[in-house]
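For reference, the chains in residue letters:
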Amino acid sequence: MPAIVLIGAQWGDEGKGKATDILAGQVQWVVRYQGGNNAGHTVVLPDGQDFALHLIPSGILTPGLRNVIGNGVVVDPGVLLDELSGLEARGVDTSNLMISADAHLIMPYHVAIDKVTERFLGKAKIGTTGRGIGPAYQDKVARVGVRVADVLDEKILRQKVEAALDLKNQMLVKVYNRRALDVDEVVDTVLQHGRRFAERIADTRLLLNKALENDETVLLEGSQGTLLDVDHGTYPFVTSSNPTAGGAAVGSGIGPNKITRVIGILKAYTTRVGSGPFPTELLDAMGEHLRKAGGEVGVTTGRPRRCGWFDAVIGRYAVRVNGITDFFLTKLDVLSGLENVPICVGYEVDGKRVDDMPMTQTDVHHALPVYEELPGWFEDLSACRTFDDLPANARAYVQRIEELTGAPVSAIGVGPGRDQTITRDV
Ligand code: GDP
Ligand code: IMO
Ligand code: MG
């Protein structure tokens, strides 16, 4: 049985939480494979309750499903426990969550360093979520990280924290003029937290491979999006992991040949949080309209999201770098009420027309959108349940996106609710 990957096709916040929740009924496992609590995934249940998940897979809201935080994720132990108790307080059964022994921990010094480096960068800042994500991945790659399994061995944990703080305290104090962190305090806190999730620690790659051998279906839930990928995104304005589909195999420990479907979650317009280039960004009243109509405020940081028109160059690029088999097109309802809906079909870079993502970041920064105007629609879409229920111009908009990106749209979101979804055979 297959593994299905679900990824963000743009700069995150495309509606991955809702899409995971919809698919959860058809799978046995949901796995997070990268990122950490920089993510904010919203799920609205049929009874109207809404949940914001940061670190825990969105599958936790479907009873009976097994959920995994994979080796590719960075875990802040305090955040993990708070999120678990928040869910439990609302009656969610969390007993089916396992955490990879090999996932790296976000330590208090990572959060401190994330904040001070951003301040140090000034105008050149990335606009991170300030959750310690980048510094934790830096330590992973530098081979000085602390892993989940280390909470089970106090001696090793202390050695690692001592070695890390030897250097990091000098940096915090001498370069950034911050207070040094105390080894005992850090070790004690992590051990205390660790005791509370020790029984969830597992060799999750073994669990997942056995599940696949037993014909169970595994859904790999990406966080962030294609253009925030550290390799394929708008570097350096990216996150420090690989949200793209290839990252799903690495971050969960299954073979890439187990992945049979890659679903791209694609917003019917474009948003981004934080710094970096955004060719179709609208800095005028129309941008403000999309922000209001779409409720575009960050789930994790509360920052207003930057908004712009749909960009087919990004859609095509996402299809290529992820091997997208089909798209879930979200938030089509938000575009109701516009006379015309522009779609960016290509860029003009220094006077030359280009159809594909420019090779250099300089060119991405210089890219001006080339628009095609599509006629809009005024009907409220929130009650549409079949493709034929949509007004003709909304159908034409979807079909044009399929033509321009080269992948079929298998589902369309017309509201935040689980049932506010149109599915299509593609
Ligand atoms: P994620 O990070 O990709 O999971 O997305 P977020 O949860 O950060 O942002 C998506 C927002 O759009 C959430 O508030 C969702 O409830 C909402 N949403 C998802 N799909 C739709 C849709 O089709 N229509 C509307 N109006 N809202 C949607
Ligand atoms: P979901 O999963 C949107 C952005 C930050 C910043 C950059 C790097 O909800 O789609 P980081 O803290 O990761 O080092 O910040 O990435 N970013 C997101 N933007 N949605 C997210 O997650 C994001 N996670 C990180 O705003 O620009
Ligand atoms: Mg989000």
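Since we're looking at a predicted model, the values are computed, not measured.

Looking at this model, I keep getting lost on the pattern of salt bridges. Mind explaining?
Opposite charge on two side chains lets them pair, provided their charged atoms get close. Enumeration over the complete set of coordinates arrives at 25 salt bridges. When the shortest N-O distance is used, the salt bridge between Glu-281 and Arg-306 registers 2.9 Å. Highlighted residues: Glu-281 in the loop between strand E12 (270-272) and helix H9 (285-293) and Arg-306 in strand E13 (residues 306-308), separated in sequence by 25 residues. Residues Asp-355 and Arg-353 are paired through a salt bridge, measuring 3.0 Å at the closest nitrogen-oxygen approach. One network of salt bridges, with partners in common, ties together Asp-13, Lys-267, Glu-296, Arg-305 and Lys-331.

Please explain the pairing of strand E16 (residues 340-349) as it appears in this structure.
Remember that side chains alternate between the two faces of the sheet whenever the strand is regular. Buried residues dominate E16, accounting for eight of its ten residues. Across two bridges, strand E14 (residues 310-311) lies against E16 in parallel orientation. Pairing of Asp-311 across the sheet is with Cys-344, part of E16. In terms of strand pairing, E16 meets strand E18 (residues 368-375) through eight bridges, oriented antiparallel. Bridged to Ile-343 within E18 is Glu-372. Between the end of E16 and the start of strand E17 (residues 352-354), which pair antiparallel, lie two residues, with Asp-350 showing a positive phi angle near 50°.

Sorry if this is basic, but what is going on with the domain arrangement of the chain here?
Looking at the chain, the domain boundaries give domain 1 (3-91 + 204-423) and domain 2 (104-199). On a C-alpha basis, the centroid separation for the pair domain 1 and domain 2 is 29 Å. In this complex, domain 1 contributes 26 residues to the contact, which on the side of domain 2 involves 19 residues. For the pair domain 1 and domain 2, the summed buried area comes to about 1900 Å², and 61% of that belongs to carbon and sulfur atoms. Of all residues in domain 1, the largest losses of buried area upon contact with domain 2 belong to Val-74, Pro-77 and Leu-81, amounting jointly to 30% of the total for that side.

Got a minute to help me understand the nonpolar core in this structure?
Side chains that are nonpolar tend, in soluble globular proteins, to be buried together. With 56 residues, the main nonpolar core has Leu-332, Leu-390 and Tyr-397 as its most contacted residues. Broken down by element, the residue count for this core peaks at five residues, all from helix H12 (residues 392-405). Residues contacting Tyr-397, with those up to four places away along its chain left out, are Ala-268, Phe-310, Leu-332, Leu-335, Val-341, Ile-343, Leu-374 and Trp-377. Grouped together as the second largest cluster of nonpolar side chains are 42 residues, Leu-45, Leu-105, Met-107 and Leu-157 included.

Even after reading the chapter, I still don't get the sheet that holds strand E9 (residues 201-202), so can you show me in this structure?
Sheet strands line up and pair through hydrogen bonds in the backbone, either parallel or antiparallel. Pairing is mixed in the open sheet, where ten strands are placed in the order E9-E7-E5-E2-E10-E1-E11-E15-E19-E20. Every other strand in the sheet has two partners, leaving E9 and strand E20 (421-423) as the edge strands with one partner each. Sheet topology note: the strand E7 (residues 97-100)/E9 ladder contains two bridges and is parallel. Within E9, the residue paired with Ser-100 across the bridge is Ala-202.

Explain the site of ligand 2 here, please?
Taken together, 20 residues sit near ligand 2, with Asp-13, Lys-16, His-41, Thr-129 and Thr-239 positioned nearest. One nitrogen or oxygen atom from the side chain of Lys-16 is found 2.7 Å from an oxygen atom belonging to ligand 2. In the model, an oxygen atom of ligand 2 is placed 3.0 Å from a nitrogen or oxygen of the Arg-303 side chain. Starting from 540 Å² of accessible surface for ligand 2 in isolation, the protein chains cover 97%. Taken together, the residues of the shell around ligand 2 break down into six nonpolar, eleven polar and three charged. The residues that make up the shell around ligand 2 include at least three from each of domain 1 (3-91 + 204-423) and domain 2 (104-199).

Is there a simple way to think about the packing of aromatic side chains in this case?
The geometry of an aromatic ring pair comes down to the distance between the two centres and the angle between the two planes. Counting across every chain of the model gives three aromatic pairs. Considering the side-chain rings of Trp-11 and Phe-278, the 5.2 Å spacing of their centres and the 50° angle between planes classify their relative orientation as tilted. Of this pair, Trp-11 sits in the loop between strand E1 (3-8) and helix H1 (16-23) while Phe-278 sits in the loop between E12 and H9, and the two are 267 residues apart along the sequence. Take Phe-278: its relative accessible area is 7%, and that puts it in the buried class. In this arrangement the basic side chain of Arg-90 is found over the ring face of Phe-51, its NZ or CZ atom lying 3.8 Å from the centre. Over the aromatic face of Phe-387 sits the side chain of Arg-424, whose NZ or CZ is 4.0 Å from the ring centroid.

Please clarify how the packing of helix H3 (residues 108-121) against helix H5 (residues 154-175) should be interpreted in this entry.
A pair of packed helices is characterised by two quantities: the angle between their axes and the separation of those axes. Relative orientation of the contacting elements H3 and H5 amounts to 30°, with a least axis distance of 11 Å. Overall, the two elements H3 and H5 adopt an arrangement that is roughly parallel. Every pair of crossing elements has a handedness; the one defined by H3 and H5 is left-handed. In contact with Tyr-109, Ala-112, Ile-113 and Val-116 of H3, H5 contributes Ala-164, Leu-165, Lys-168, Met-171 and Leu-172. Classifying every residue of the contact of H3 with H5 gives eight nonpolar, no polar and one charged.

It is not clear to me how the coordination of the magnesium ion (ligand 3) should be interpreted in this structure. Could you clarify?
Expected angles at a metal are 109.5 degrees for tetrahedral coordination by four donors and either 90 or 180 degrees for octahedral coordination by six donors. Here the magnesium ion (ligand 3) is held by the protein donor atoms Asp-13 (OD) and Gly-40 (O), which lie 2.0 to 2.1 Å from it. Residue Asp-13 is located in the loop between E1 and H1, and its partner Gly-40 is located in the loop between strand E2 (29-32) and strand E3 (41-44); the two are separated by 27 residues in the primary sequence. Its relative accessible area of 12% is what places Gly-40 among the buried residues.

Would you mind showing me how to read the site of ligand 1 here?
Around ligand 1 sit 19 residues, and of these Lys-16, Gly-17, Gly-40, Thr-42 and Asp-333 come closest. Within the backbone of Glu-14, one N or O atom sits 3.1 Å away from an oxygen atom of ligand 1. Separating an oxygen atom of ligand 1 from a backbone N or O atom of Lys-331 is a distance of 2.9 Å. Computed on the free molecule, ligand 1 has an accessible area of 590 Å², of which 90% lies beneath the protein chains in the complex. Here the shell around ligand 1 takes three residues from H1, the largest share from any one element.

Definitions and limits used
Residues numbered from 1 in each chain as written. Chains lettered and ligands numbered in written order. Predicted model: local features only at pLDDT ≥ 70, side-chain atom pairs only at ≥ 80, totals over all residues. Heavy atoms only, no water. Salt bridge = Lys/Arg side-chain N within 4 Å of Asp/Glu carboxyl O. Helix = DSSP H or I, 4+ residues; strand = E, 2+ residues; numbered from the N terminus. Buried < 20%, exposed > 50% of the residue type's maximum accessible area, 1.4 Å probe, protein only. Pairing = 2+ DSSP bridges. Domains from an automatic or database assignment. Contact = heavy atoms within 4.5 Å. Buried area = accessible area lost by both parts, 1.4 Å probe. Core = buried A, V, L, I, M, F, W, Y, C linked by side-chain atoms within 4.5 Å. Near = heavy atom within 4 Å. Polar contact = N/O pair within 3.5 Å; in protein donor to acceptor, adjacent residues only side chain to side chain. Areas by Shrake-Rupley, 256 points an atom, 1.4 Å probe, with all protein chains shown as cover. Nonpolar A, V, L, I, M, F, W, Y, C, P; charged D, E, K, R; others polar. Phe/Tyr/Trp six-rings, centres within 6.5 Å; stacked < 30°, edge-to-face > 60°. Lys NZ or Arg CZ within 6 Å of the ring centre and 35° of its normal. Axes fitted to C-alpha atoms, helices over the stretch in contact; angles between N-to-C directions. Parallel < 35°, antiparallel > 145°, perpendicular 65-115°, else oblique. Left-handed = near helix turned anticlockwise from the far one by under 90°. Donors = N, O, S within 2.8 Å, 3.2 Å for Na, K, Ca; no water.

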